[in-house]
Each structure stands twice: as structure tokens, then as C-alpha cells.
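What follows is the residue order along each chain.
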Amino acid sequence: MKAKQLSVFLENKSGRLTEVTEALGAAGINLSAMSIADNSDFGILRCIVSDPDKAYKVLKEAHFAVKITDVIGFVCPNTSGSLSVVLKHLSDHDVFIEYMYSFANGNVAHVVIRPTDLDACERILEEKKVELMADSDLYQL
């Protein structure tokens, strides 16, 4: 099941991440998951939020470069090798993953991926009985 993720371009300077989190917090938007990839000049904050459409509007109004991207969330056991089993299903079908981030909570791990072919990825995961997360569940973690 596809979910919306925000990607926010951030200059590498003190306070920019704080400005994003303050804008979202002031609008009553909760961060469920996030990842930051950076180089020497800028970073990209990728995040799952409680209300992606509202967050997009709030961040645009605050003059951030932001876009919404579809991703897929799934759950797997928080045990050694569980993630590799799921990823093998995808690689066996030539589904390329652009990026991924995850977090564990007790006995389960929640994983967010951005495959190049969302529909094929979703179909394969469903066929392999991988527990997909509904967008509403992902937004409320």
C-alpha cells in the first residue's frame, strides 16, 4: 500500500532542521519516521508525517523546497535475517530500491522503501505475504 512521504531540501546550516520541526509542530503535525541524507552543502530530510498534504502546504508556505513522494511501508519480524528475506523477494524480480529507512519496536521492524516500480513492488510483497502497512497506519506510528 502506497503512502506519501515528504522530501525536504535543507541547506547544511545550523537551525534548518529545527525550523522544519517547529513549523510542523506549530501546525499540529506529528513526525512518525524520518531520515536525513546529506553531503557537504545540503541534505534531504525524508519523513512520514501524520498529515502529508497539510505538511506539504505548511512547509511550502515557510519557503522550504518540498515534494511528496510515494513510498511503501511494511512490517517484518525484528529478528536476524528477516529483512534480507523480504529484500530477496524484490531483487529476484529486479525491483530496485532507491532508498530505505526503518525502525524497530519490540518484536517488529517497520520499513519504508522507495522502489523504482511501486506497483510491481506492492504486488510482489502481497504475493509473498509480507505485511504491508496502510498509509493511515504509517502516518500514526
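Notes on the structure in this doc start here. (Residues numbered from 1 in each chain as written. Predicted model: local features only at pLDDT ≥ 70, side-chain atom pairs only at ≥ 80, totals over all residues. Heavy atoms only, no water.)

## Examining the packing of aromatic side chains
- For the coordinates displayed, the defined rule picks out one aromatic pair.
- Sitting over the face of the ring of Y99, R46 holds its NZ or CZ atom 3.6 Å from the ring centroid. (Phe/Tyr/Trp six-rings, centres within 6.5 Å; stacked < 30°, edge-to-face > 60°. Lys NZ or Arg CZ within 6 Å of the ring centre and 35° of its normal.)

## Details of helix α4 (residues 118-127)
- Listed as buried for α4 are L118, A120, C121, E122, I124 and L125.
- Elements that come into contact with the buried residues of α4 comprise β1 (2-11), β4 (65-77), α3 (82-92), β6 (108-115) and β7 (131-132).
- Two to three positions downstream of the cap, the backbone nitrogen of D119 sits 3.3 Å from a side-chain oxygen, assigning the N-cap of α4 to D117.
- Phi turns positive one or two residues past the end of α4, at K129, with a value near 60°. (Buried < 20%, exposed > 50% of the residue type's maximum accessible area, 1.4 Å probe, protein only. Helix = DSSP H or I, 4+ residues; strand = E, 2+ residues; numbered from the N terminus. Contact = heavy atoms within 4.5 Å. Polar contact = N/O pair within 3.5 Å; in protein donor to acceptor, adjacent residues only side chain to side chain.)

## Regarding the packing of α3 against α4
- Axis separation between α3 and α4 bottoms out at 10 Å; the angle between their running directions is 125°. By the angle class used here, α3 and α4 are oblique. Crossing geometry of α3 relative to α4 is assigned as right-handed. For the pair formed by α3 and α4, the contact residues are V86, H89 and L90 on the first element and C121, I124 and L125 on the second.
- Each residue belonging to the contact of α3 with α4 can be placed in one class, and the counts come to five nonpolar, one polar and no charged. (Axes fitted to C-alpha atoms, helices over the stretch in contact; angles between N-to-C directions. Parallel < 35°, antiparallel > 145°, perpendicular 65-115°, else oblique. Left-handed = near helix turned anticlockwise from the far one by under 90°. Nonpolar A, V, L, I, M, F, W, Y, C, P; charged D, E, K, R; others polar.)

## Let's talk about the pattern of salt bridges
- Applying the stated criterion to the full structure yields eight salt bridges.
- Here R123 ties to E127 by a salt bridge, and the two come within 3.5 Å at their closest N and O atoms. Taken together, the residues span about one helical turn, with R123 and E127 both in helix α4 at a distance of four residues.
- Judged by its relative accessible area of 41%, R123 is partly exposed. (Salt bridge = Lys/Arg side-chain N within 4 Å of Asp/Glu carboxyl O.)

## A word on a nonpolar patch on the surface
- Taken together, L17, M34 and I36 make up a surface patch of nonpolar side chains, about 240 Å² in accessible area.
- Relative to the helices and strands, L17 is located in helix α1 (residues 16-26). (Patch = residues over 30% accessible without salt bridge, like charges linked within 9 Å, V, L, I, M, F, W, Y side chains within 5 Å. Areas by Shrake-Rupley, 256 points an atom, 1.4 Å probe, with all protein chains shown as cover.)

## What to know about the side chain of S7
- Checked against the element boundaries, S7 lands in strand β1.
- Owing to a relative accessible area of 8%, S7 belongs among the buried residues under this scheme.
- At 3.4 Å, the side chain of S7 forms a polar contact with the side chain of Q5.

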